[in-house]
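# An overview of the molecular structure
Each chain, letter by letter, is given below.
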Amino acid sequence: MLHTLSVPIIQAPMAGGVSTPALAAAVSEAGGLGFLAGGYKTAEEMRKEIAALRALTDQPFGVNVFVPGEDDADEKAVRRYKEVLEEEAKRLGVSLGEPKWDDDDWEAKLTVLYEEKVPVVSFTFGCPSSKIISKLQDNGSFVIVTVTSKTEAQIAAGQGADALCVQGPEAGGHRATFRNDETADENVSLLVLLQQIREAVDLPLIAAGGIMHGRNIAAVLAAGACAAQLGTAFLRCPESGASPLHKNALIDPQFQATAVTRAFTGRPARGLVNRFLTEYDAFAPAAYPHTHHMTKPLRSVAAKANDPQMMSLWAGQGHRLARNMPAQELVRELMKEMEEAVQGLIRK
């Protein structure tokens, strides 16, 4: 499947409304692979987005879903964090959300994927069973599992995944670690991680994390990847569903750095360093999706008030290189840059 792409560029599935059908369709029409993000949506909402995407393109596309974790959050730690956030909620005039576990409509989403015969299905936060993967494959889907370590890669390969999306720590948004604990996120750069996994498993690899320019694509292909997955690079495209505030923050001088935090959702995620991240990161427990539900009203009211200091502004380390141009134009520009980088190496 990946080798049939005319362009080795995959648009990352970015949950929260960023990965719109228009964005995915534009990338697929340009020869790459566009993705919808099923996370935080109901199964029927996901089905409607698939229909909307198919109305825009007849090219292959992907849908990503979250693998539910165990309901093993430390309830005392969650209560302590809620107490810390109460003053902030009072200041903003909202009530905190109920910290609860859910499976993100897992079984219903699997049913949609089976029924819709989605060309490419990817998973984040874990690896589904070999039974689920086999059923998807028998149904015609190409299955990708997102991994952040050699161990996770070996697990996914053992369960029968067709390919792996190798996510380096440079990536924006949630870290795709299978385990949500303090030791799960080894800080190994993308290029090194690609080499480690390349030696451990014999599967096609997709490189993700900090890829913003054609030179970066050339580098990961040389390191053994068959395609590059870009998320932050597409955030400022007009087809992106990111809010204008989020798009502007990527190049705003007041946001100079990114950091990985659990403050917003209870899972490690890389975003722009703002007041909320700075003040509350140290208090946030490893409790997902409990913390996500609890802080959602805070983030929503901040967005309505145009206050970027309280929002989860997910972004990768290369965020300041994000370009404001149509997605198809960006894909063409990235390919031109990649080819120039390769030619430059040949001339040397």
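Below is a short write-up of the structure.

What counts as what
- Note that residues are indexed from 1 along each chain, following the sequence as it is written.
- Residue-level local features of this predicted model are given only where pLDDT is at least 70; pairs of side-chain atoms are given and counted only at 80 or more, and the full residue set underlies all totals for whole chains, interfaces and linings.
- Neither water nor hydrogens contribute to the side-chain values; these are computed over all heavy atoms in the structure.
- Salt-bridge detection follows one rule: a side-chain nitrogen of Lys or Arg within 4 Å of a carboxyl oxygen of Asp or Glu.
- Helix and strand definitions here come from DSSP, where helices need a minimum of 4 consecutive H or I residues and strands a minimum of 2 consecutive E residues; each element is numbered from the N-terminal end.
- Burial classes follow relative accessibility: with a 1.4 Å probe on protein chains only, a residue under 20% of its type's maximum area counts as buried, one over 50% as exposed, and anything between as partly exposed.
- If DSSP finds at least two bridges between two strands, the strands pair.
- A pair of Phe, Tyr and Trp rings is counted when the ring centres sit within 6.5 Å of each other, with Trp represented by its six-membered ring. The angle between the planes then sorts it: under 30 degrees is stacked, over 60 is edge-to-face, the rest tilted.
- For a lysine, the NZ atom is tested; for an arginine, the CZ atom; a charge sits over a ring if that atom is within 6 Å of the ring centre and within 35 degrees of the ring normal.

Tallied over the full model, the rule gives 11 salt bridges. Ionic pairing is found between Arg47 and Glu44, a salt bridge with its closest N-O pair at 3.3 Å. Remark: Glu44 and Arg47 occur in helix α2 (residues 43-56); sequence separation between them is 3 residues, near one turn of the helix. Note that Arg275 is salt-bridged to Glu279, the shortest N-O span being 3.0 Å. Of this pair, Arg275 and Glu279 both sit in helix α10 (residues 275-280), 4 residues apart, which is roughly one turn of that helix. Take Arg275: its relative accessible area is 25%, and that puts it in the partly exposed class. Here the salt bridges do not stand alone but share partners, grouping Glu44, Arg47, Arg54, Glu115 and Glu116 into one network.

With that settled, the discussion passes to the sheet that holds strand β11 (residues 269-272). The strand order across the open sheet formed by 3 strands is β7-β11-β10, and the pairing between neighbours is antiparallel. A single partner strand is all that each edge strand has here, and the edge strands are β7 (173-174) and β10 (258-261). Pairing between β10 and β11: 4 bridges, direction antiparallel. Paired with Ala259 across the two strands is Gly271, which belongs to β11.

So, about the packing of aromatic side chains. The tally for this structure, following the rule as stated, stands at 7 aromatic pairs. Residues Phe125 and Tyr288 carry aromatic rings whose centres are separated by 5.4 Å and whose planes lie at 70° to one another, so their mutual orientation is edge-to-face. Separated by 163 residues along the polypeptide, Phe125 in the loop between β4 (120-124) and α5 (130-138) and Tyr288 in the loop between α10 and α11 (290-304) bring together distant segments of the chain. Its relative accessible area of 4% is what places Phe125 among the buried residues. Each member of the aromatic cluster is reached from another via a ring pair, and the members are Tyr40, Phe66, Phe125 and Tyr288. Stacked on the ring of Phe125, the Lys or Arg Arg267 has its end atom at 4.0 Å from the ring centre. Its end group placed over the ring of Tyr288, Arg267 keeps NZ or CZ at 5.9 Å from the ring centre.

Everything listed here is a matter of coordinates, which is why it stays silent on function.
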